[in-house]
Amino acid sequence: YSDSVVAVPNEGYKFIGWDDGNTENERSDIADADKTFTARFELIKYGTVNYKSDMGGTLEGVVVQTVEYGLYTSEVTAVPKEGYTFISWNDGVLTPTRSDIVNGNITYLAMFSNGVKIEYLTTDGGTIDGKSSQSLTYGQKSSEVTAVPSEGYAFVSWSDGLTDNPRRDTVKKNT
C-alpha cells in the first residue's frame with residue numbers, strides 16, 4: 001500500500017471524485033504497478049435568492065440568501081400587516097413559510113391583500129337580487145342583496161345559517 005493521499009479542494013471548489021470512480025477524498029492504493037490517479041474538482045456554483053413582500057406585509061428570516069446550488073435556503077415567513085391577509089408568493093406557493101432549493105438567482109415576492117371577494121349564490125330554487133359578486137376591503141359593508149325564491153320555493157336561510165333577507169355583510173379580519 002502507498003501512503004494515503006488526500007484530495008483537498010481550493011477555495012470555491014469541491015472534490016467530486018477520482019478519475020477511477022473512487023469518491024473518497026482520502027485514499028491509499030496497492031503499489032503493484034505504475035499508476036496515475038487524478039482528483040477531480042468542480043467549481044461550486046452559488047445562487048442568490050431574494051425574498052420580498054408587497055406593501056401589505058413583512059418577512060421574517062434572512063431575506064437575501066446566497067446558497068450553493070442544490071441546497072435549501074433557510075425558512076422565510078410572510079407576515080401580514082394589520083388589516084391584510086397573505087395571498088400567495090408570486091410563483092404560486094400558497095403557504096406563508098417557505099424554503100427553496102437553489103438552482104440560480106431568483107426573487108420571490110410575498111403578496112398580500114387588504115380585501116376580500118364575497119359571492120352570494122343560490123341553489124336551483126332562486127336568484128339573487130343585487131350585486132352577487134363584491135370586492136370589499138376590511139371594515140367595508142357590502143351592498144344589499146336579496147335571495148328571491150323561484151315559484152314554488154321558499155327562502156329558508158343562507159349557507160352560513162343567517163336568515164336575514166335582504167342582507168348586508170361587514171368584512172372582518174380573520175383572527
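Residues numbered from 1 in each chain as written. Predicted model: local features only at pLDDT ≥ 70, side-chain atom pairs only at ≥ 80, totals over all residues. Heavy atoms only, no water.

Peer 1: I keep staring at the pattern of salt bridges and nothing clicks. Help me out?
Peer 2: If you walk through the whole model with that rule in mind, you get 10 salt bridges. Here E68 ties to K14 by a salt bridge, and the two come within 3.0 Å at their closest N and O atoms. With a gap of 54 residues between them, E68 in strand 7 (residues 64–68) and K14 in strand 2 (residues 13–18) connect regions that are remote in the sequence. The closest approach of N and O atoms between E119 and K117, which form a salt bridge, is 3.8 Å. In this structure K117 comes out as exposed when scored by relative accessible area, which is 55%. (Salt bridge = Lys/Arg side-chain N within 4 Å of Asp/Glu carboxyl O. Helix = DSSP H or I, 4+ residues; strand = E, 2+ residues; numbered from the N terminus. Buried < 20%, exposed > 50% of the residue type's maximum accessible area, 1.4 Å probe, protein only.)

Peer 1: Just to check I follow, could you spell out the sheet that holds strand 6 (residues 57–60) for this structure?
Peer 2: Two pairing modes exist for strands in a sheet, parallel and antiparallel, and in both the strands are linked by backbone hydrogen bonds. Within the open sheet, the three strands sit side by side as 6-8-10. Their pairing is antiparallel. Each edge of the sheet is formed by a strand with only one pairing partner; in this case those strands are strand 6 and strand 10 (97–98). Note: strand 6 against strand 8 (residues 76–80), four bridges, orientation antiparallel. The residue of strand 8 that forms the bridge with E60 is T77. (Pairing = 2+ DSSP bridges.)

Peer 1: Looking at this model, I keep getting lost on a nonpolar patch on the surface. Mind explaining?
Peer 2: The grouping of Y13, F41 and L43 at the surface amounts to a nonpolar patch, some 280 Å² of accessible area in total. With respect to the helices, strands and loops of the structure, F41 is situated in strand 4 (residues 39–43). (Patch = residues over 30% accessible without salt bridge, like charges linked within 9 Å, V, L, I, M, F, W, Y side chains within 5 Å. Areas by Shrake-Rupley, 256 points an atom, 1.4 Å probe, with all protein chains shown as cover.)

Peer 1: Looking at this structure, I do not really get the environment of M111. What am I missing?
Peer 2: Residue position: M111 is located in strand 11 (residues 106–113). Its relative accessible area of 28% is what places M111 among the partly exposed residues. Excluding residues that lie within four positions of it along the chain, M111 makes contacts with D54, T85, F86, I87, S88, W89 and N90. (Contact = heavy atoms within 4.5 Å.)

Peer 1: Help me understand the side chain of D29 in this model?
Peer 2: Here D29 shows up in the loop between strand 3 (26–27) and strand 4. One polar contact links D29 to R27, side chain to side chain, over a distance of 2.8 Å. (Polar contact = N/O pair within 3.5 Å; in protein donor to acceptor, adjacent residues only side chain to side chain.)

Peer 1: Hey, could you run me through the sheet that holds strand 11 in this one?
Peer 2: The four strands lie next to each other as 7-5-11-9, forming an open sheet whose pairing is mixed. Each edge of the sheet is formed by a strand with only one pairing partner; in this case those strands are strand 7 and strand 9 (85–89). Going from strand to strand, the sheet's axes swing by 25° on average, the running direction of each strand aside. As paired elements, strand 5 (residues 46–53) and strand 11 share five bridges and run parallel to each other. For K52, the partnering residue across the bridge sits in strand 11 and is L109. (Axes fitted to C-alpha atoms, helices over the stretch in contact; angles between N-to-C directions.)

Peer 1: Can you walk me through the nonpolar core in this structure?
Peer 2: Across soluble globular proteins, nonpolar side chains show a tendency to be buried alongside one another. Ranked by size, the top nonpolar core spans 13 residues in total, and within it Y51, L59, A78, F86, W89, A110 and F112 carry the most contacts. Looking at this core, the elements that each hand over two or more residues are strand 5, strand 8, strand 9 and strand 11. Ranked by residues supplied to this core, first place goes to strand 11 with three residues. If sequence neighbours within four positions are ignored, Y51 has contacts with L59, V62, V63, Q65, T73, V76, W89, R98, D100 and Y108. I118, L136, Y138 and V171 belong to the second largest nonpolar core, which has eight residues in total. (Core = buried A, V, L, I, M, F, W, Y, C linked by side-chain atoms within 4.5 Å.)

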